[in-house]
Amino acid sequence: MPLRVGQKAPSFDVVSSSGRRLKLEEFGGQKNVVLYFYPRDFTSVCTKEACGFRDMYEDLAQQGTEVIGVSADSNELHRKFAEKYKVSFELIADEKRELAKAYGATGLLHDLFGVAARITYVIDKKGEIAGVFEGELSASKHTSGVRELVQRLRER
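Residues numbered from 1 in each chain as written. Predicted model: local features only at pLDDT ≥ 70, side-chain atom pairs only at ≥ 80, totals over all residues. Heavy atoms only, no water.

Chemist: Break down unusual backbone geometry for me, citing the residues and quoting the values.
Modeler: If you check the backbone angles, F42 has positive phi at about 70° while not being a glycine. Here F42 is to be found in the loop between β3 (32-37) and α2 (44-62). F42 gets classed as partly exposed once you look at its relative accessible area, which sits at 35%. Its identity is not glycine, yet K86 carries a phi of approximately 55°, on the positive side. Residue position: K86 is located in the loop between α3 (75-85) and β5 (90-93). Given the relative accessible area of 63%, K86 is considered exposed. (Helix = DSSP H or I, 4+ residues; strand = E, 2+ residues; numbered from the N terminus. Buried < 20%, exposed > 50% of the residue type's maximum accessible area, 1.4 Å probe, protein only.)

Okay, here's the thing in structure tokens:
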């Protein structure tokens, strides 16, 4: 079951496919975090979603927001995906789906296929869930929702 707005975001300490160590606590007080879970690299909706976040990444960064993509794919596949589509933010290989489980990005079919559900969280600078966007077949619902929410967070 997905987390809800207002809940404390589960802590994470992971290494991205580029080798960068990412800890939620290190963003606290400094940056919002867009943590988005997706099923697979190189699939149509996942590619559209990643490219959507890629295209607005600089704008989000200027608004004090970091983007992190998470799927069960390997680091090697993430690196190929990032290279092909010029993804400039970090991708996490959650092969055991531990992060997906902590964030409720699972479900019966997802468990059966060993993938994460498509769900996006915006975590504010206090470490709380500020927004949740769901929709398996709609990348734009996630990217446009994030854009609007980050703007509202900036105005607070």
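The rest of the description comes next.
Chemist: Outline helix α6 (residues 139-155), supporting the account with residue identities and numerical values.
Modeler: For α6, built from 17 residues, the straight-helix expectation of 24 Å at 1.5 Å per residue is met to within 8% by its first-to-last C-alpha distance of 25 Å. Restricting attention to buried positions, one finds in α6 the residues A139, H142, T143, G145, V146, L149, V150 and L153. Considered in projection along α6, the buried side chains sweep an arc of 165° and stay on one side of the axis. Tucked into the core, α6 has its buried residues touching β3, α2, β4 (65-71), β6 (119-123) and β7 (129-134). (Expected span 1.5 Å × (residues − 1). Arc of directions from axis to C-beta. Contact = heavy atoms within 4.5 Å.)

Chemist: Requested: an account of the side chain of T120, with residues and values cited.
Modeler: Its place among the elements puts T120 in strand β6. Residue classification places T120 among the buried residues on the basis of a relative accessible area of 0%. A polar contact of 2.7 Å, which involves the side chain of T120, links it to the side chain of H142. For T120, the residues in contact, after removing those within four places along its chain, are V34, L35, Y36, E49, F53, G131, V132, F133, H142 and V146. (Polar contact = N/O pair within 3.5 Å; in protein donor to acceptor, adjacent residues only side chain to side chain.)

The analysis is restricted to geometry; functional conclusions fall outside its scope.
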